[in-house]
Amino acid sequence: MSLLARIDQPADLRGLSHPELVRLAGEIRDFLIRHVAATGGHLGPNLGVVELTLALHRVFDSPRDRLLWDVGHQAYVHKIVTGRAGEFTGLRQRGGLSGYPSREESAHDHIEHSHASAALSYADGMAKAAQFAGEADRHIVAVVGDGALTGGLAWEALNNIAEAPGRPVVIVVNDNGRSYAPTVGGLARHLAALRAHAGYERLAGWGKQALGGAGTPGRALHRTLHAAKEGIKEGLRAGLGEDHAEAVTPHSLFGALGLQYIGPVDGHDITALEAALERAKAHGAPAVVHCITRKGLGYAPAEQDEEDHLHGIGTIDPRTGRPLRPAGLTWSAAFGRELVELADTHPEVVAITAAMPGSVGLNDFAARYPARFFDVGIAEQHAVASAAGMAMAGLHPVIALYGTFLNRALDQVLMDLALHRLGATLVLDRSGVTGDDGPSHNGLWDLAMLQAVPGLRIAAPRDARTLREQLRQAVSVTDAPTVLRYPRGAVGPEIPAAGRAGAVDVLREAAPGTDPVLLIAVGTTAAVALEAAGLCAGRGVEVTVVDPRWVKPLPGELPALAAGHALVVTVEDGLRTGGVGTAVVQALQEAGVRTPVRVLGVADGFPRQATRAEILTEAGLTARAVADTVIQAAAQVAAAASPGGPRTASGFER
Ligand SMILES: Cc1ncc(C[n+]2csc(CCOP(=O)(O)OP(=O)(O)O)c2C)c(N)n1
Ligand SMILES: CC(=O)[C@@H](O)[C@H](O)COP(=O)(O)O
Ligand SMILES: [Mg+2]
């Protein structure tokens, strides 16, 4: 019988011998590869924390002790050992297991969102609450990756944790040297120095032990090696200068803050991990356990994947690690290709990523223009604020982020880019419904949130051609921030315009002589809108479909277009409340146009993990649902317009 089958709760781990733990770790790796290959998910990160998770659940007593996971994408092993192994066939699926901790699933889970660098703040808060409650025996443990540590919020928390020696928190740094790509910056260099120092001393220790037992020649050789080591240290001191001297024998940044630093520890040696965690647990004050792990360990395709060690995958062939479904041209790739072409003729263009170069399509740009490419780490606020500095100095920064991660940099967009009227371009990938990555990954809030930013301009491309056109337009704007937003995945077929109404693309014109409906499609909803218009025509309702292209500020032609139609329906892959549709309602009212408006989008809330199609269906954003809405609303308008018909408001929203 497999050991894994015997593990239903953390207590089941505590009776296992060391050889059994090693065997269990192997079984868990096989389990992860088998299941995540079939469902998609975060394979590399979870393969890297198998031993660490086992040690954590043997040393600490979850759920009384709170175990927090920063980002939470690496909590699959935590879920396996807390009784959810049987649910992995439904990983990241509707009604199935979330890809992140979920309080609904288990008392062992706490932080449900996937936005990095927040776990230490929760730990500080929970430690304060435990202190208030006099719960001195409740341990607060936060696992934070080296990538997540490049986020500023983590340092705000560390500053507070370090402020209270009497309020213990165990901070486990899961250092695998990578975000997606290798982690960048001074912190990464510092962690590497700590790692090297450990390796350095471990090698020296090994040398002494191995050679010391090899008689006179061995001892002589050890003396030579020791002298060489000292010489290297001196040389490094001389070469690097005193101020870098610590690079050879570093004192940790954490220690400098007054935190107890324990490590570096081999993050795959369960015995060493447990000893270090026990030390931190008994320390009685905030302590950092610096664990050295390897992302993707135990699965060759992940270990050999130079880009990101199979950080986040779709379904793959477990034998090869290769995707089962080729992606085709993605929005990210279309953007990256166009930006490289743009950069060829626009020397002022530079590109910024927040630790996700490959995911946002910037690998080619980075290879072709390394001096004009900047990975700032998981630091979206800094990405935008530093872009403000670049723009003020005459560059045109293009900051490529996932839509959902822009949320945390709204103040920088408002006060650093918009207030100064700076020419910088935000490219928001994964905007709209993403689906299986859970509620915190849907890019639902950008269109609503950014409506509030004075002067900012937003483009929503409907296909690769409009993306190319709008990116070039955006980069030519030097006195305001611009935004492009598009969804995750493959670009659809090109959607040509049938005509133009000023700045507005007319994608389909209603047949003359009817009470037509004006369907305003934002970005990629154009395809759905055109299909819906066809369905409406088949049911006797004529529909004009337009794409405004730039949705903030709205094209001035829209009110006049609306005045010529019996009803306006807007469709967007974003929040209904406060999005483009709401702006259309306001624009018509301000123009004195009384055509009724129906706004379609994603209702308020946090759609749980499901496929993009399932969530769009629930939101009424499929062609059939849009057609039904148009038909129903058109009938209401017609009834209201007939003599003695029911009165309707000048504009109404669902
Ligand atoms: C605010 C924010 N920006 C970007 C991301 C995307 N993201 C998810 S995991 C990850 C890398 C995390 O690196 P690390 O913390 O070292 O964890 P590891 O995957 O190495 O275990 C990134 C950038 C995110 N989750 N949150
Ligand atoms: C955890 C995290 O934020 C990323 O790893 C994200 O899950 C990747 O999303 P994509 O799969 O859309 O690149
Ligand atoms: Mg990492």
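- The name an unreviewed UniProt entry gives the protein is 1-deoxy-D-xylulose-5-phosphate synthase, with Actinacidiphila glaucinigra as the organism.
- Regarding the protein, the relevant UniProt record gives this comment under Catalytic activity (unreviewed entry): "D-glyceraldehyde 3-phosphate + pyruvate + H(+) = 1-deoxy-D-xylulose 5-phosphate + CO2".
- You can read under Pathway (unreviewed entry) in the UniProt record for the protein the words "Metabolic intermediate biosynthesis; 1-deoxy-D-xylulose 5-phosphate biosynthesis; 1-deoxy-D-xylulose 5-phosphate from D-glyceraldehyde 3-phosphate and pyruvate: step 1/1."

1. Notes on the sheet that holds strand E3 (residues 170-175)
By way of backbone hydrogen bonds, the strands of a sheet pair with one another, either parallel or antiparallel.
Thought 1: Read from one edge to the other, the open sheet built from five strands follows the order E1-E2-E3-E5-E4, with strand pairing classed as parallel. Strands at the two margins of the open sheet, each flanked by one partner only, are strand E1 (66-69) and strand E4 (260-266). The mean angle between the axes of side-by-side strands here comes to 20 degrees, regardless of whether they run parallel or antiparallel.
Thought 2: The sheet contact formed by E1 and strand E2 (residues 140-145) spans four bridges and is parallel. Of the residues in E2, the one forming a bridge with Trp-69 is Val-143.

2. Re the coordination of the magnesium ion (ligand 3)
For a metal with four tetrahedral donors the ideal donor-metal-donor angle is 109.5 degrees, whereas six octahedral donors ideally subtend 90 or 180 degrees.
Thought 1: Protein-derived ligands of the magnesium ion (ligand 3) are Asp-146 (OD), Asn-176 (OD1) and Arg-178 (O), with the metal-ligand distances lying across 2.0 to 2.2 Å.
Thought 2: Within one chain, the residues serving as donors to the magnesium ion (ligand 3) are arranged as D-x29-N-x1-R. With respect to burial, Asn-176 and Arg-178 carry one shared label: buried.

3. Digging into the packing of aromatic side chains
Thought 1: For the coordinates displayed, the defined rule picks out eight aromatic pairs.
Thought 2: Their ring planes at 80 degrees and their centres at 5.3 Å tell us that Phe-31 and Phe-88 sit as a pair that is edge-to-face. One end of the pair, Phe-31, is in helix H1 (residues 18-39); the other, Phe-88, is in the loop between helix H4 (76-84) and helix H5 (119-132), with 57 residues separating them in the sequence.
Thought 3: Its relative accessible area of 6% is what places Phe-31 among the buried residues.
Thought 4: Lys-281 extends its terminal NZ or CZ atom over the ring of Phe-60, reaching a point 5.7 Å from the ring centre.
Thought 5: The cationic tip of Arg-372 hangs over the ring face of Tyr-369; the distance from NZ or CZ to the ring centre is 4.3 Å.

4. Brief notes about the domain arrangement of the protein
Thought 1: Domain assignment breaks the protein into domain 1 (4-304), domain 2 (331-485) and domain 3 (511-641).
Thought 2: Facing 17 residues of domain 1, the contacting portion of domain 2 comprises 18 residues.
Thought 3: Across the domain 1-domain 2 interface, the total number found is two salt bridges.
Thought 4: A salt bridge links Arg-92 to Asp-436; the shortest N-O distance between them is 3.3 Å.
Thought 5: Linking domain 1 to domain 2 there are nine residue pairs in polar contact (both at pLDDT 80 or more).
Thought 6: The residue inventory of the side of domain 1 that touches domain 2, partitioned by class, reads seven nonpolar, nine polar and one charged.

5. Here's the deal with helix H10 (residues 270-283)
Thought 1: Given a rise of 1.5 Å per residue, 14 residues ought to cover 20 Å, and the 20 Å separating the end C-alpha atoms of H10 matches this to within 8%.
Thought 2: Those residues of H10 that sit buried are Ile-270, Leu-273, Glu-274, Ala-276, Leu-277 and Ala-280. Seen from one end, H10 has its buried residues packed into an arc of 165 degrees, which puts them on one side.
Thought 3: Its buried side turned inward, H10 meets H1, helix H3 (50-59), E3, E4 and strand E5 (287-292).
Thought 4: Trailing H10 by a residue or two, Gly-284 shows a phi angle of about 75 degrees, which is positive.

The rules behind the values
Residues numbered from 1 in each chain as written. Chains lettered and ligands numbered in written order. Predicted model: local features only at pLDDT ≥ 70, side-chain atom pairs only at ≥ 80, totals over all residues. Heavy atoms only, no water. UniProt positions renumbered as here; feature names shortened; annotations may be inferred. Pairing = 2+ DSSP bridges. Helix = DSSP H or I, 4+ residues; strand = E, 2+ residues; numbered from the N terminus. Axes fitted to C-alpha atoms, helices over the stretch in contact; angles between N-to-C directions. Donors = N, O, S within 2.8 Å, 3.2 Å for Na, K, Ca; no water. Buried < 20%, exposed > 50% of the residue type's maximum accessible area, 1.4 Å probe, protein only. Phe/Tyr/Trp six-rings, centres within 6.5 Å; stacked < 30°, edge-to-face > 60°. Lys NZ or Arg CZ within 6 Å of the ring centre and 35° of its normal. Domains from an automatic or database assignment. Contact = heavy atoms within 4.5 Å. Salt bridge = Lys/Arg side-chain N within 4 Å of Asp/Glu carboxyl O. Polar contact = N/O pair within 3.5 Å; in protein donor to acceptor, adjacent residues only side chain to side chain. Nonpolar A, V, L, I, M, F, W, Y, C, P; charged D, E, K, R; others polar. Expected span 1.5 Å × (residues − 1). Arc of directions from axis to C-beta.

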